[in-house]
Amino acid sequence: MSEPSLTEHRHLPLQLIAPDELDGLGPEQLARQVTCLQSLLLDLDCGLWEWHPGSGRQRAQGALWSAFAEDSQAALTGLWTGDDLCFVHSDDRDKLLALRHRCGSRGGAFDTTFRAYDSNGQLCWLRLWGRSVAVDGGSGGNIVIGSCADYTDSMSARYLSSLPGERPLQTLAGVSDGLWEWDLRADEVVLDGACWAMLGYEQSPVDTIARAALAHWKSRILPEDFSRAEQAFKDHVREQLPLDVEFRLWHRDGGIVWVRCRGQAQRNSRGIPVRVLGLLQDITGSREALLRAERELKQQRQENANRADLLFSLSHELRTPLNAILGYSQMVELDQSLNPVQRQRLVEIRRAGQHLLHLVGDVLELARIDSHRLAPSMEPIQPAALVADCKRLLEPLAETRRVSLIFEPLGWESAYICADPVRFKQVVLNLAGNAVKYNRENGRVVINFAPQAEGWLRLSILDTGRGIAEEKRAEVFEPFNRLGAEKGQIEGTGVGLAIAKRLTEAMGGRIDFDSHEDQGSIFWIEFPLIDAPAELMQLSAQPNTPVRLPPCRLLQIDNRPTGINRLKSMLNGAAQVQHLIAEDAVEAIFTARTLRPDIVLFDPAAPGMSATDLARILKEDPLTAEIRVVAIGECSGGGFDATLPEGFELAQLSQVMDRFAPSVTPAGD
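All values derive from a computational prediction rather than experimental measurement.

### Some remarks on the sheet that holds strand S8 (residues 243–250)
Across a sheet, strands are paired by hydrogen bonds formed along the backbone, either parallel or antiparallel in direction.
Here is step 1: Spatially, five strands are ordered S7-S6-S10-S9-S8 in an open sheet, and the strand pairing comes out antiparallel. On the outer flanks of this sheet lie strand S7 (188–191) and S8, each paired with one strand and no other. Averaged over all pairs of adjacent strands, the angle between their axes in this sheet comes to 25 degrees, without regard to strand direction.
Here is step 2: Taken together, the eight bridges between S8 and strand S9 (residues 256–267) define a ladder with antiparallel strand orientation. Bridged to Glu246 within S9 is Arg260.

### A few points about empty space enclosed by the protein
Here is step 1: For the structure shown, the criterion picks out two cavities of 30 Å³ or more.
Here is step 2: Its boundaries defined by the atoms lining it, the largest cavity holds a volume of some 70 Å³.
Here is step 3: Lining the largest cavity are eleven residues, with Ser90, Tyr117, Asp183, Glu188 and Val190 sitting closest to its centre.
Here is step 4: Tallying contributions element by element places S7 first for the lining of the largest cavity, with three residues.
Here is step 5: A per-class count over the lining of the largest cavity returns five nonpolar, two polar and four charged.
Here is step 6: Looking at the second largest cavity, the residues that line it are Pro383, Ile417, Phe424, Phe449, Leu457, Arg458, Leu459, Ile525, Glu526 and Phe527.
Here is step 7: Sorting the residues of the lining of the second largest cavity by element identifies strand S15 (456–463) and strand S17 (520–530) as the ones contributing at least two each.

### Topic: the nonpolar core
Here is step 1: Counting 40 residues, the largest nonpolar core has Phe424, Leu431, Ile447 and Ile525 as its most contacted members.
Here is step 2: Ranked by residues supplied to this core, first place goes to helix H13 (residues 421–437) with seven residues.
Here is step 3: Sequence-distant contacts of Ile447, defined by excluding residues within four places in its chain, comprise Val387, Leu405, Ile406, Phe407, Glu408, Ala432, Leu459, Ser460 and Ile461.
Here is step 4: Judged by nonpolar contacts, the second largest core, of 27 residues, contains Trp180, Leu191, Ala229 and Cys261.

### What about helix H14 (residues 496–506)?
One turn of the α-helix equals 3.6 residues, which is why residues spaced by three or four share an orientation.
Here is step 1: Within H14, the full set of buried residues consists of Leu497, Ala498, Ile499, Ala500, Leu503 and Thr504.
Here is step 2: One or two positions beyond H14, positive phi appears at Gly508, with a value near 85 degrees.

### Overview of the sheet that holds strand S21 (residues 628–632)
Here is step 1: Spatial strand order, S19-S18-S20-S21-S22: five strands in an open sheet with parallel pairing. Every other strand in the sheet has two partners, leaving strand S19 (577–582) and strand S22 (642–644) as the edge strands with one partner each. Adjacent strand axes in the sheet meet at a mean angle of 25 degrees when their direction is disregarded.
Here is step 2: As defined by bridge partners, strand S18 (residues 552–557) adjoins S19 across six bridges and the pair is classed as parallel. Each residue of the ladder has a partner; that of Leu555, found in S19, is Leu580.
Here is step 3: Packing of helix H17 (residues 611–620) onto the sheet brings it into contact with S18, strand S20 (599–602) and S21, and relative to S20 it is tilted by some 160 degrees.

### Comments concerning the side chain of Asp420
Here is step 1: Tracing the sequence through the fold places Asp420 in the loop between strand S13 (416–419) and H13.
Here is step 2: Put simply, Asp420 is tucked away with no salt bridge, and the nearest opposite charge, on Arg423, sits 4.8 Å away.
Here is step 3: Excluding its chain neighbours within four sequence positions, the residues that come into contact with Asp420 are Pro376, Ser377, Met378 and Met507.

### A closer look at the pattern of salt bridges
Here is step 1: Counted according to the given criterion, the structure contains 23 salt bridges.
Here is step 2: Between Glu441 and Arg402 there is a salt bridge, and its shortest N-O distance comes to 2.7 Å. With Glu441 in the loop between H13 and strand S14 (444–451) and Arg402 in the loop between helix H12 (383–401) and strand S12 (404–408), this residue pair connects regions lying 39 residues apart in the sequence.
Here is step 3: With relative accessibility at 48%, the residue Glu441 sits in the partly exposed group.
Here is step 4: For Arg402, a relative accessible area of 54% gives the class exposed.
Here is step 5: Two residues, Asp641 and Arg628, come together in a salt bridge whose shortest N-O distance is 3.4 Å. In this pair, Asp641 sits in the loop between S21 and S22 while Arg628 sits in strand S21, placing the two residues 13 residues apart along the sequence.
Here is step 6: A residue is classified by how much of its surface remains accessible, and Arg628, at 32% relative accessible area, is partly exposed.
Here is step 7: When salt bridges that share partners are traced, they join Asp91, Asp92, Arg115, Glu181 and Arg275 into one network.

### Here we look at the packing of aromatic side chains
Here is step 1: Throughout the structure, instances matching the rule amount to 14 aromatic pairs.
Here is step 2: Their ring planes at 50 degrees and their centres at 5.6 Å tell us that Trp49 and Trp80 sit as a pair that is tilted. Here Trp49 is found in strand S1 (residues 46–51), whereas its partner Trp80 is found in helix H3 (residues 72–81), with 31 residues between them in sequence.
Here is step 3: According to the relative accessible area criterion, Trp80 is buried, its value standing at 1%.

### What to know about the packing of H13 against H14
Here is step 1: Interhelical geometry of H13 versus H14 gives an angle of 145 degrees and a closest axis separation of 9 Å. Remark: the crossing between H13 and H14 carries left-handed chirality. From H13, Arg423, Gln426, Val427, Asn430, Leu431 and Asn434 reach across to H14, where they touch Gly496, Leu497, Ile499, Ala500, Leu503 and Thr504.
Here is step 2: Split by residue class, the contact of H13 with H14 holds six nonpolar, five polar and one charged.

### Comments concerning helix H15 (residues 561–570)
Here is step 1: Among the residues of H15, those classed as buried are Gly563, Ile564, Leu567 and Met570. Considered in projection along H15, the buried side chains sweep an arc of 120 degrees and stay on one side of the axis.
Here is step 2: If you follow the buried residues of H15, they end up packed against S18, S19, S20 and helix H18 (650–660).

### With respect to the pairing of strand S16 (residues 510–516)
Here is step 1: Going residue by residue along S16, you find Ile511, Phe513 and Ser515 tucked away on one face and Arg510, Asp512, Asp514 and His516 left uncovered on the opposite face.
Here is step 2: Note: S16 against S17, seven bridges, orientation antiparallel. Counterpart to Asp514 in the pairing with S17 is Ile522.
Here is step 3: Here S16 folds back onto S17 in antiparallel fashion, the turn holding three residues, of which Asp518 has a positive phi close to 70 degrees.

### Digging into the packing of H3 against helix H4 (residues 90–106)
Here is step 1: Remark: H3 packs on H4, axes separated minimally by 10 Å, with the N-to-C direction vectors making an angle of 95 degrees. It follows that H3 is roughly perpendicular to H4 by the angle criterion. Facing Leu79, Trp80 and Thr81 of H3, the residues of H4 in contact are Leu96, Leu99 and Arg100.
Here is step 2: Among the residues making up the contact of H3 with H4, the classes are represented as four nonpolar, one polar and one charged.

### Digging into a negative patch on the surface
Here is step 1: Residues Glu470, Glu471, Glu517 and Asp518 make up a contiguous surface patch of negative charge.
Here is step 2: Along the polypeptide, Glu470 turns up in the loop between S15 and H14.
Here is step 3: By relative accessible area, Glu470 is classed as exposed at 56%.

The rules we used
- Residues numbered from 1 in each chain as written.
- Predicted model: local features only at pLDDT ≥ 70, side-chain atom pairs only at ≥ 80, totals over all residues.
- Heavy atoms only, no water.
- Pairing = 2+ DSSP bridges.
- Helix = DSSP H or I, 4+ residues; strand = E, 2+ residues; numbered from the N terminus.
- Axes fitted to C-alpha atoms, helices over the stretch in contact; angles between N-to-C directions.
- 1 Å grid on protein atoms, 1.4 Å probe; cavity = no way out; pocket = protein on both sides within 12 Å on 5 of 7 lines; lining within 4 Å.
- Points joined across faces, edges and corners; volume = space filled by probe spheres on them.
- Nonpolar A, V, L, I, M, F, W, Y, C, P; charged D, E, K, R; others polar.
- Core = buried A, V, L, I, M, F, W, Y, C linked by side-chain atoms within 4.5 Å.
- Buried < 20%, exposed > 50% of the residue type's maximum accessible area, 1.4 Å probe, protein only.
- Contact = heavy atoms within 4.5 Å.
- Lys, Arg positive; Asp, Glu negative; His and termini not counted.
- Salt bridge = Lys/Arg side-chain N within 4 Å of Asp/Glu carboxyl O.
- Phe/Tyr/Trp six-rings, centres within 6.5 Å; stacked < 30°, edge-to-face > 60°.
- Left-handed = near helix turned anticlockwise from the far one by under 90°.
- Arc of directions from axis to C-beta.
- Parallel < 35°, antiparallel > 145°, perpendicular 65-115°, else oblique.
- Patch = residues over 30% accessible without salt bridge, like charges linked within 9 Å, V, L, I, M, F, W, Y side chains within 5 Å.
- Areas by Shrake-Rupley, 256 points an atom, 1.4 Å probe, with all protein chains shown as cover.
- Charge placed at Lys NZ, Arg CZ, Asp CG, Glu CD.

Structure (structure tokens):
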């Protein structure tokens, strides 16, 4: 079959009629022409509409309207003919209302673009054009006929290029975070599909989004979170505080969703806020992970507390039999019938017992710190004076190890920090004691102060020992880890550095070290500098009252020459006080039974037994029942008559002696 020739095609009629041809058309041809034009327009995804301003009658056709409402008449009402134009962006409503009034009153053609929100809350651009036509020569008023098309693809890029604030929001929409806009003038909120999906909806569950969405979301916020979330929005709009708030929402299935809401207010040229653009993020997963971590942390803390309680109780139970072993072994050593071999064995028993007692004491100290039974007693102190005391205590050990011990305050003798003086000295003794013990023969230990940034004072302890390998750095402050030193001849428990770290941090300080293998180490602690106490800044109005010591016999139990010499210097010139000395608990019991002192000063560092056990033994013996036992420093247990702080002054000693000394001086030795 042959194709039609070009000549035959030229005789086919055209489908579109020119205006000058309308008069020659019959009714059927006119109807066919109208149907053809309507189908062509609707195929272009346009919406046709007509509106009679006088009567309010309207009609809309086309698939375009279904994006805004199921009923095309309702969609036209929300976009053009209604009073509130609920689907139109609030910034474009006044423009459309003015255009509609002009067309209804004066007539004419129009063509405009504006922003609107579809049924899913998505912002889109629409083009609306048409003409106002007189009906029955004007007697029937005007009727407006027009079309509407979606111009989002062509308008969005140009629009966003002039609004830099919305570009990041569009970008964030690609990571499943929800976008929202709150119009402050109309008190309307528009949310996109991602926001509704967080509540379990595929699309918005409300018909008029801008009007009902805000109320719907308010009803979904948990009551206990509502006031906090509302206050965050008010603070952002009124006080310009950052908007970043987390709250909970009821999910569609009855569950709870955690969301994080962030936003930024936009203001007009006069600085008045007009809208808030924001981002909504579902953080339910991270919140649940945080709650799980908090529960696990709470459980671990409880387990640590239980372990600390166990160690605390176990250490207390072990100290009593150990003190008994040490005490009886020392008593057996006094037996003159022992041969050298037996005496050497007893020495080894006592040495091993003392090492075990020190280990139990360190474990007890760790348990007290970990169980928060040890709360530092913070006060203004001069660290230089305490370090000087520590140096004097360590000098015998340094002489034994043939190590030079040097303390250089470098002008910081009058500096003050806030710390617990007893615990501060304990930290310094641990660090400096290690520097002496693990040094080389004829080595040096240098202790000095140096200021640091932000008003901190650093105490450095330098040694010339073998140093610490870099791979063992993380193990330095671990309890019971001696970094291989347990294979050597130097005794230790491996707990001193762990205790020093915990005590330093408990007092608000910092601790760390630098070390080079075969060159030595520098351990340091830092505390913030403070002003001198106010009472020290004032001059005394009256001369100090001299301290008077009552006559009595005073038995000091201490095996440290520095402690003995310090008390001797205090009692210098006090001939009415007889100063007796015992180096351990066994010797003290023997002295107490023979010389009958009035007061016993017990230092917990003395070997043999605890102050509690010594007080019990003395009280149970009729010969020594009247002797008063005074413990020095922090002693566990009880049973003694009084305590004196470590590093007590003469006035404090005088108060104790006034309390316990007899009214009449005992006669004879």
